[in-house]
Structures are given as structure tokens and as C-alpha cells.
There are 2 protein chains.
Amino acid sequence: MNLTESEKMRKDQFFYLPLGGAGEIGMNCYVYGFGEKGKESLIVVDCGVAFPDSETTPGVDLILPNLDWLIQRRDQIKGIFLTHAHEDHIGAVGLFPELSKIPIYARPFTAANVKRKLLDRGGDEEIVHIIDPYPNSITLGPFEISFLPVSHSIPESSGLIIQTNTGKVFHTGDFKLDKTPVLGDPYDPKLWKAACENLDILVCDSTNVSVKAAAKSEKSLKKDLVKLIKAQNGMVVATTFASNLARLKTLADAAILSDRSIVLLGRAMRRMMELALESGIIKNFPNVITPKQALELPRSHVFILSTGSQGERRAASAQLSNGKYQGIVLSEGDTFLFSSKTIPGNEVSVNKIINNLTEKKVNVVESEDGLYHVSGHASRSEITDVHNLLKPRIIIPMHGEARHLRAHQLLAIENGFESILAANGSLIDISKDKASTLAQIESGRVYLDGRILVGANSGVVRDRLRMSFSGHVSINIIVDEDDELLDEVWVQSHGLSKNVVEGSLDVLIEETVLSSLKLLEDETILDDEKLEKVIVRSVRGIVLELINKKPEVTVLINRLVSYV
Amino acid sequence: MNLTESEKMRKDQFFYLPLGGAGEIGMNCYVYGFGEKGKESLIVVDCGVAFPDSETTPGVDLILPNLDWLIQRRDQIKGIFLTHAHEDHIGAVGLFPELSKIPIYARPFTAANVKRKLLDRGGDEEIVHIIDPYPNSITLGPFEISFLPVSHSIPESSGLIIQTNTGKVFHTGDFKLDKTPVLGDPYDPKLWKAACENLDILVCDSTNVSVKAAAKSEKSLKKDLVKLIKAQNGMVVATTFASNLARLKTLADAAILSDRSIVLLGRAMRRMMELALESGIIKNFPNVITPKQALELPRSHVFILSTGSQGERRAASAQLSNGKYQGIVLSEGDTFLFSSKTIPGNEVSVNKIINNLTEKKVNVVESEDGLYHVSGHASRSEITDVHNLLKPRIIIPMHGEARHLRAHQLLAIENGFESILAANGSLIDISKDKASTLAQIESGRVYLDGRILVGANSGVVRDRLRMSFSGHVSINIIVDEDDELLDEVWVQSHGLSKNVVEGSLDVLIEETVLSSLKLLEDETILDDEKLEKVIVRSVRGIVLELINKKPEVTVLINRLVSYV
């Protein structure tokens, strides 16, 4: 290496920075930067969401990565590249007003999905650019980028080959190694090898690193599905992700071979099918009938594709399990198939559907990962295959919880490669022989809460969680024109038992607060903050004593002095 | 059958009534009745709790079966029989004041546990009677009852043989068929067969009816545990249920064979060990050292038994994963073993521990059901073995969710037996050749919420859930001595973003409500209910418009007329 080059290396750094997805499965967002320190050109790979749960984020609509770092550098961003159309990769597009003008690059089906999303969110569709896959590439500033087709559980999934003058990265996106994926691009090791020649950095999906058995091919499912469906005399309902178009096609083909007509239940199912037909992804999907038409057929001739495989409360599957959906009622003799895997955290909701259906004596068939479902992610042995095929200098695990990233790192080392852990916020120098962590950037989460974004640490959700655990008490006192406390307080509790052994909870609180107010000095009465503190303490004290709860307390102090 | 007998049969009914446990795994409570209709003598089998979750029961301490039916008939109850000391079988003892005088019957270890519980809850220990197992029996009114030893994951587990003059029931309790259970009674098919001769009704555990492989024996674990522990150079922590004394012994023995000293971490662990030693269940448990002593040993000589295998937030395992517990800090080179299965619903909490430990580079070893853990429940093939061994006239599945009960019923039919489904609240006649449902009793759930019991349908928890999803607004208005509204309102929101695009949320609410109040007629102002309705609608309307949330609203109306 001569001096000029070494000098350039010092000035031009090439870095990798995960802002979401490296520490959880969800809200994927990765940044690559190249250039002089502090003035790097940036590209963003994916901009996804994670889904809330009632234990940590009740009432939250979506969880987004905290993109403050990126927003501060928005003028440096050359583009956002979307690897595929799953919500954990595109769901946050259009939600950050500061990023609304940055061009988006994607393949056609992903582009169609994200345009629809921008339309729904009042964004500008014009920012979306359609890119042809490898060997086509696009040059943006110091980056040359190609979409390399990979197989996954949604069509047109892609990895990205990102080339700069100090190195070449393959960012896999989500992938499996399926040579017969029914729909979308089959795994093509020759193409991968050609595209990734002299690879420096492999940034690689870690989701299924702990799954030992190699994943089966999507194509393998049809035979067993036909066997299952043919054996049934009643209606058959199958649920899976609406975006898994290959699966929808496999299921629909199996249904047709079993002499059944197909019904699509659920908005997402119909919407995804529209997009698939519009964008030409699906050309020969069997004709579908309406739920109304289905009701006129013998049950043995009906096959339903239903949304809500993860137990989503308002989706078609949950509604079918509760009673009725669009006129369709399931009963003894019918069969309900989960052509899906339950994502950790959704077990209770899915279980509820299974129990409700069982109570109706519907036959429930589950398929974690076997006869009726295959995963969209490469397993341990397949990840090893990719390591060995591409022989990168350095492997950086991504797309996984801490446990998956760590297991992937250990696997990479076992396979004879250098590997570095990069959790969300780790800014990793990838321009040198060895990768190293340059800095820890503030990352984290932001909530879409109703219509607005709130920081995960803003306390908004914390206050809601506290109310859900301990209830709430509203209390109101009046300070009159002469700065005297009126001899009355108004109390109303919420989310607490109205009656306790000793009487009415609200009355008991009123009495306690009133007597504690009598002891106050004028100084306290004149000071809102002090007064509030005394009252909160008094309320919590009595409620703790009566029912062993420490409620949230809102104190309204009305000072009439300013009014008259 | 002569007339007298037939007459007696008509008068004396023998029934089975599950009030909890037949529709969920948890809060087991089953009733048997015998006698003239409406005057039956009753016995209760188990009185357990279920555990709350943040999705449906935030802030709730324990979920109990609704025992109103039983409480109304408390004078008819001859006794409460406890099959074993798990919380889902004894956890509700002492929480229903109306049942506090009813005698309790149990074997010594279960009795020791329940006495401790009664002591904690201010109950009377004297009501607990220790019973020797089969062939000993106790006669209470028309019932003759024997405790039949079964193997399970806690010592002295028992089924109950309940005999009346119209039939014989075997109520299995929780069981597995383990001939070498390390601690407690081994499975003894000869004894079962003798005790259950001419069996009419088998009321049988359904938990693992969908698990195909026969469970391994507790004894099989030691070898693999020794191998695992010996291979480690750092500290080894193992977590399991504190009540699984056989497992604690197996783990401790394996640790001693691996030349390690044992530390018990967590209150439940120490308490259970005390009870086990006091009641003579464990005679030769290895010596334990304190956490402080452990810190002075090389890490390779320390073995920790830790509570919190289900991810419980305050238990030792969670605290170790967060940083430190009683001075002990885990780090790279240490190993953490789950000698347990994650109960559905606890995946997220357990996962969090695994990720936290992984971030500290602690080696985490899981064992769903295999090398380092065996289940306490009989699997499908073992349930079939029991059907065929005991050859009852009728099989009633219990201890399971709807899906398990149904699968067990289908299995029983497949095995050639009559079987009837009995969900919570189903009063089943078991005195005739065929079992039939006589009535549906109101059953359900009651919550221990802080210190008091609240009905599941009381709205208390519903209000908390609503606040957790939508936040809360306290609002206060004043009506003066002349029935005029003051021209000011006081608002404070909680669990909602303070700032929205348009400004301060609270101020915007105040303005909106004030202007809607200006339009009111006197009639509305004089009527609390109408006034509240208008204000609630106004608050919800503006919050919905601003941030797309419909908060809970507490309106405090101060009428000063009565004051002066």
C-alpha cells in the first residue's frame, strides 16, 4: 500500500451502523457510510417496524428505530434501499417527516408495496425508484449497489452488494437457500459466487442460526397439503402471512387439486393478492369466490385462506374462532390449519384461537415447521454453507436478538472466519483488515402512538403501564380567593375496586386527604408543587393501607384567586 | 336392580363438577357431590390459583376460581382434599374467608406447605389434617377417600380414590409414570390396579396429551448433567422450579460429583429446602454455602441453584441476568442452564433473560424437554397405558385447556372407552351407566387484586386495561353557588404525550371543553350525569382528533352551592 492510498484510507472511512434489527427481530434499519470522517455519504438499508406487546408497550401502534442520528445527517443520505416488503423492513417508511424526501430504491413488488404505504400515509410516491437486479447496479456517490435476488417468504427478496473503493459488502437481507421456492427467485449459488467475488464483508441474517435441521423447500409442501385437504369432509381454513405469496399459491393449488373453491378472508389477504396480480408476481392464481358464494357450496368444496396466523385480535382467524366472519361459521367437521410458525410472544393469542376452535369441535392442525410450513430463514447448516461459499474476510451477524447474533458470531469463528458483534448503535469500521468498533451511537426506539411519535423514554408509556398495574386516582382541591383551602375534596378512582372492606374507597380517600390537609402550613398551601406532593403521598398511603396498591395520582388544584 | 335401589339411585346423585382447571392449566378446583338432590354432601379436590398476565390481567396478583356456588353450599362441604403442593392446586387456600373453617386433608409435605401458607395469610393451621396414603382411607359422610401415591414433579403427589355406594372414581391429580423419580413415590402399576379395581370413573390429567414421546425418568438426567457441569470452567447456574425437589437433588448431586459447592439463590429455593428438610422429604441434601462464601471460591467450584425459571421479573435468575444478585455477577465463561420448560405465555420474559445473559457472553443452555429436563406429566402413550391398566367405565379428561380436554376425549374414545367432556361449570352425573351433563353452573374467575378479591367482570381490570391502551384525562369544572359554570376548566392528562403538533395537549383539551360548555343549557348544567357525558364526549373528541386516541376520562364536578 503506498502513501497516497494509506492516506486516503485514513481520510475515507467505510462503516457499518445498525440502528435497528441487531438486538431484536424487527425494526430493521442499517446504515453504511463512506467518506471523510464527519462528511460521509450514507445509504440506509431497510426502514422497518417492530410490533408492540401489552407487557412493555400497551396502546402503542408501532415500534420504530430511533433515527435521530440519521435525521441529523439527512443531507448526507443518498438513498434508502429496501430489501423486501415485510413490515419489519419497510414498515417505518413515511413515518419520519424529516426523511420524507430521500429517494427510495427497490425492486418492483417491494416498490408497489411501499408506494401503497406512502399513499396511505400522505407521502410522495415519486420518491420510489424501481431497480433491476444484479448484474444491474446503481451508483450513488461513492457507492455502487446491486440487488442480488435471494429466496425468502415474500417475492423479490434481495440482498445488497455494496461496493466502495475500499471494499465490498454483501448485506444478505432475509434469506433462505431454496432452490424451488414456488414463487420468486430460486437460490442460485453460482450467481451468488459471481456477484460476491473477493468479498470483504458478509453482513448476514442470523434469525435461524440455532435451528439445526436444514429448511425444507416451499415446493415440498404441496403433496402433504393435498393429502391433508383431501382427507377432510368439512370446510378447510388455512392461515398464513398474507405476504407469503408462494404459500398462498401452494395452498390454493392444493385446494384446487382437492376440488375446492377458494375464499380469501381478511383485508391483508385481498390487498396482497391485488398487489401480486397488479405487479405480475402471480399470473395464474386460481379463481376466488366470495364468502357469500362459499355459503352456497357444500362445505367439502370450500377452502378459505385467512389472515391472522399470529393470533391478531381483529384478523379473520381470531374472528372465525370467536364466532363468525363475513357470514362464515365454523363447526364440528371443519378443519383449521396453521400453515405458519408462531412468533415468540404470540403464543398466548394463538393458543386462544386454538382453544376457541376446539370448543366448537373444529379440528385444528398445527405446523410449527414441518409438513405444512417451512421457514423463510436459513438454518445453521445453510448459514455455514453461505460462509463457505462466499469466503468473506469478515462476517458481521445481523437480523437477530443478542442470542442469535452471538451464536452466529461463534459459528463464524468455528467456520474459520473473523467475526465481529455489532449491536444496534455500534459504528463499525469496515475499511481495514480488521473490523473494529469506532463509536457507540445513541440508538433505541420510538413509538408511533396513535398519530404521533413518542420517545421510548418519554414516560408516556411508563405512565400507562403504571396505571394498568395500580389504577388511578383523580383528586381535586380548591384554594379560594383568600388562599384558604375549601373544606372539601373531590375524588374519583379508576381501575380500582369501588368498595373495600372498610367502605367506599373514594370516600375513604377523601376523608384521609381532608384530615391531612388540616395539618398544612400556609407555606405549603401556597406552593402547588408542595401541595401536590402532600396530597399524592396521602392518597397513596391510604390506598396502600386499604388494598395494597400504589395508584397513579392526578391532583388538580384550583386556585380561585385569579378568577374573580 | 330392585325398586328400593332404583329409588335410591334417583334420590342419591353422584356428581362431578370442575370449577377450575377444566379449560385452563391452572386454578384447579373440582367438586364431587353425593346425596339427595339439593342436599348433597360435597368434597372439594384442590383449591389452586392461576397466574395473571399483562395482556388480560395487569396488576392482578393471583387468579382464583369463582367459588360462589361452593360458598353458597359451604355447610354441605365435608372437606378439601389437596393432591399436591403446587400453587395451581393449593394457592387459593386461605383466600376465601367463607371457606376458612372447612377441614383440609393432605399428605405431610403438602400439609406442611399449606400450613405455611395459612400462617402467612392469617388462617388457622388447625384445619389441616395429615392423611396416610392408600390403603389407608378416610370416611366423610357418604364418601370413602384414599390418597394413592403418584409420581409428579413435587414430592408426595397423589391421586384420590373416591368411593360412594353408587361408584368409584379415580381422580388422578397431576401425574407421570416414573418408576425412578429420584424423590417421592415411584409409579407402581400393581398398586394402581389393586386400588382401582372395578373402577367406574377415571378423572384424568390431560396436560401432555399432545406430547407423543413417552417422558423420560427423572433418574436419567444425572449422567448428562454431570457431563455438562464437568465440561465448564466458570460458574454454573441452574434454574428450575423450587418445588421440584427431585430436580434440586439431581442437580445438587451432579454438582457434587463435579466437585462444586452449592449455593441456593432466591427466597422460594431456600424456603422449599427448609420445608423439605423439616418434613423429612430430603434427608441427604449436600451442604450449601452462602453467596458470600461462593465469592471466595474459584468460579469452577461454584454451582448455583436459582429461582425464576419462568422469567419472573424479581426472581434470582432475572436479577442475575440484569447484573447482580447477592453479590454474584455472571460473565464470560459462566454457564446458565434452564433445567425447565418454558410455560406458554412466559416466552418473552424467559427470552429476555437469555438475551441479557448472552450480552454478558454467558453460555446459555436450554432444555425444553430432553437432556436436562423431564416433564411432570404423562404423555399421550402413557395416558393410554393408564386407560388400559385401569379400564374404567367412563373417562373424564381434566387439567387442561379446551384443546387438551378434547384431544384426551378423542384419545379415550380411540382407546375404546366412553368419555365425556366436562368444562368448568359442567355438573356431570356420574351415578348412571352413562355420564351426562345435568346443569351448567356459573363458574369463572376472581382476582386477588392487592389485598381484595374482585370479580373478573367487575370492570376494575377492564378500566386499567383501557388506561394502558388509551391513557387517562382528569378534568375538573366548578359550578358556583348560583348554578353558574366558572369560566375555567382544569385538565391533566396521564399516559399521553404532553405535546402534540398543535401545542400542549392539556391546553388544547381545556380550550375545547370550555367552548363546548358555553353552548350548554341550564338543564344540563344542573344534571351531573348529563354534564359529565358532554364533557367526556368533548375530551374524547379532541384527543381523537389530535392524536387518534380515545382516553379514559374522569370528570370531577365541584358544586359550590352546598358548601357555602
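Residues numbered from 1 in each chain as written. Chains lettered and ligands numbered in written order. Predicted model: local features only at pLDDT ≥ 70, side-chain atom pairs only at ≥ 80, totals over all residues.

Draft legend 1. Looking closely at the overall build of chain A. What chain A contains, in helices and strands, is 17 helices and 31 strands. For the C-alpha atoms alone, the extent of chain A along its principal axes is close to 85 × 80 × 45 Å. With 564 residues in all, chain A has 52% of them scored as buried. Counted over contacts in chain A with a minimum sequence separation of 6, partners at least 24 positions apart contribute 71%. (Helix = DSSP H or I, 4+ residues; strand = E, 2+ residues; numbered from the N terminus. Buried ≥ 20, exposed ≤ 12 C-beta atoms within 10 Å, placed from the backbone. Contact = placed C-beta atoms within 7 Å.)

Draft legend 2. Representation of the nonpolar core within the structure. By size, the foremost hydrophobic cluster in this structure holds 331 residues, and its most contacted members are Tyr16(A), Val44(A), Ile396(A), Val44(B), Ile396(B) and Ile475(B). Once residues within four sequence positions are removed from consideration, Val44(B) is found in contact with Cys29(B), Val31(B), Leu70(B), Ile77(B), Ile80(B) and Phe81(B). (Core = buried A, V, L, I, M, F, W, Y, C linked by C-beta atoms within 7 Å.)

Draft legend 3. Structural context of the interface of chain A and chain B. At the interface, 54 residues of chain A touch 54 residues of chain B. Counting residues per element, the ones that place at least two in the side of chain A that touches chain B are helix 11 (347–359), helix 13 (402–414), strand 26 (452–455), helix 14 (460–470), strand 27 (472–479), strand 28 (485–494) and strand 31 (552–559) of chain A. No other element matches helix 14 of chain A, which puts eight residues into the side of chain A that touches chain B.

Draft legend 4. Up close: the domain arrangement of chain A. The assigned domain composition of chain A is domain 1 (3–213 + 375–455), domain 2 (218–365) and domain 3 (471–562). Distance between the C-alpha centres of domain 2 of chain A and domain 3 of chain A: 55 Å. (Domains from an automatic or database assignment.)

Draft legend 5. Spatial organisation of the sheet that holds strand 3 (residues 29–36) of chain B. All names here are of chain B. Ordered by their spatial adjacency, eight strands build an open sheet running 8-7-6-4-3-1-23-24, and the pairing between neighbours is mixed. Every interior strand has two partners, whereas the edge strands, strand 8 (128–130) and strand 24 (436–440), have only one. Sheet twist, expressed as the average angle between the axes of neighbouring strands with direction ignored, equals 25 degrees. Sheet analysis places strand 4 (residues 41–45) next to strand 6 (residues 77–81), joined by four bridges and oriented parallel. Note on strand 6: the bridge partner recorded for Val-45 is Phe-81. Helix 4 (residues 108–120) contacts strand 7 (104–106) and strand 8 of the sheet and is inclined by roughly 165 degrees relative to strand 8. (Pairing = 2+ DSSP bridges. Axes fitted to C-alpha atoms, helices over the stretch in contact; angles between N-to-C directions.)

Draft legend 6. Expanded view of the relation of the copies chain A and chain B. Of the transformation superimposing chain A on chain B, the axial component is 0.0 Å and the angular component is 180 degrees, with the fit at an RMSD of 0.1 Å. Accordingly, the operation relating the two chain copies is best matched by a two-fold axis. The C-alpha atom lying nearest the rotation axis in chain A is that of Ser468(A); the distance is 2.6 Å. Same-surface contact between copies: 100% of interface residues of chain A are shared with the interface of chain B. (Least-squares fit on C-alpha atoms with pLDDT ≥ 70 in both.)

Draft legend 7. Representation of the pairing of strand 10 (residues 143–149) of chain B within the structure. Residues and elements named next belong to chain B. With six of seven residues buried, strand 10 is to be regarded as a mostly interior element. Sheet topology note: the strand 9 (residues 138–140)/strand 10 ladder contains three bridges and is antiparallel. Across the sheet, the residue bridging to Thr-139 is Glu-144, located in strand 10. Counted between consecutive antiparallel strands, the loop separating strand 9 from strand 10 contains two residues, among which Gly-141 sits at a positive phi close to 55 degrees. Relative to strand 11 (residues 158–164), strand 10 runs antiparallel, the two sharing six bridges. Along strand 11, the bridge assignment pairs Leu-148 with Gly-159.

Draft legend 8. Quick peek at the sheet that holds strand 13 (residues 201–205) of chain A. Residue and element names in this part refer to chain A. Spatially, 9-10-11-12-13-20-22 is the arrangement adopted by the seven strands of the open sheet, whose pairing is mixed. Edge positions in the sheet fall to strand 9 (138–140) and strand 22 (418–419), since each has one partner strand and no second. Contacts from helix 13 reach strand 13, strand 20 (394–398) and strand 22, with the element oriented near 160 degrees to strand 20.

Draft legend 9. The arrangement of helix 11 (residues 347–359) of chain B in detail. Between the first and last C-alpha of helix 11 of chain B there are 18 Å, a value that for 13 residues agrees with the 18 Å anticipated at 1.5 Å per step. Note on helix 11 of chain B: the residue one or two positions beyond its end, Lys361(B), has a positive phi of about 65 degrees. (Expected span 1.5 Å × (residues − 1).)

Draft legend 10. Inspection of the packing of helix 6 (residues 221–230) of chain B against helix 7 (residues 245–257) of chain B at higher detail. Residues and elements named next belong to chain B. The N-to-C vectors of helix 6 and helix 7 enclose an angle of 45 degrees; their axes lie 9 Å apart at closest approach. The pairing of helix 6 with helix 7 is recorded here as oblique in orientation. Between helix 6 and helix 7 lies a crossing of right-handed hand. Side by side, helix 6 and helix 7 meet where Leu-221, Lys-222, Leu-225, Val-226 and Ile-229 of the first sit next to Thr-250, Leu-251, Asp-253, Ala-254, Ala-255 and Leu-257 of the second. Here the contact of helix 6 with helix 7 is built from residues that sort into eight nonpolar, one polar and two charged. (Parallel < 35°, antiparallel > 145°, perpendicular 65-115°, else oblique. Left-handed = near helix turned anticlockwise from the far one by under 90°. Nonpolar A, V, L, I, M, F, W, Y, C, P; charged D, E, K, R; others polar.)

Draft legend 11. Spotlight on the confidence of the model for chain A. Taken residue by residue, chain A gives an average pLDDT of 94. The fraction at 70 or more is 97%. Scored as a whole, the predicted complex attains pTM 0.93, and scored at its interfaces, ipTM 0.92. (pLDDT = per-residue confidence, 0-100.)

Draft legend 12. Spotlight on unusual backbone geometry. Residues and elements named next belong to chain A. In this structure, Pro-135 follows Tyr-134 across a cis peptide bond, with omega equal to 15 degrees. Relative to the helices and strands, Pro-135 is located in the loop between strand 8 (128–130) and strand 9. One non-glycine residue, Lys-361, lies in positive phi territory at about 65 degrees. You can see Lys-361 is positioned in the loop between helix 11 and strand 19 (363–365). We classify Lys-361 as partly exposed; it has 15 C-beta atoms within 10 Å.

Draft legend 13. Layout of helix 14 of chain A. Residues and elements named next belong to chain A. Summarising burial for helix 14: nine of the 11 residues are buried, a large majority. Those residues of helix 14 not exposed but buried are Val-460, Val-461, Asp-463, Arg-464, Leu-465, Arg-466, Met-467, Ser-468 and Ser-470. With its phi angle positive at about 75 degrees, Gly-471 sits one or two positions after the end of helix 14.

Draft legend 14. How the structure looks around the environment of Gln293(B). Relative to the elements of secondary structure, Gln293(B) occurs in helix 9 (residues 291–295). Under the C-beta neighbour-count criterion, Gln293(B) is labelled exposed, with 12 such atoms within 10 Å.

Draft legend 15. Looking closely at the environment of Ile256(A). All names here are of chain A. Assignment of secondary structure puts Ile-256 in helix 7 (residues 245–257). When the 16 C-beta atoms within 10 Å are taken as the criterion, Ile-256 is described as partly exposed. Taking C-alpha positions, Ile-256 is 28 Å from Asn-322, a pair spaced 66 residues apart along the chain.

Draft legend 16. Broad picture of the environment of Leu118(A). Residues and elements named next belong to chain A. Structurally, Leu-118 can be placed in helix 4 (residues 108–120). Residue Leu-118 is classed as partly exposed on the basis of its C-beta count, with 19 C-beta atoms lying within 10 Å. Apart from the residues lying within four places of it in its own chain, the contact partners of Leu-118 are Val-93, Gly-94, Gly-123, Asp-124 and Glu-125.

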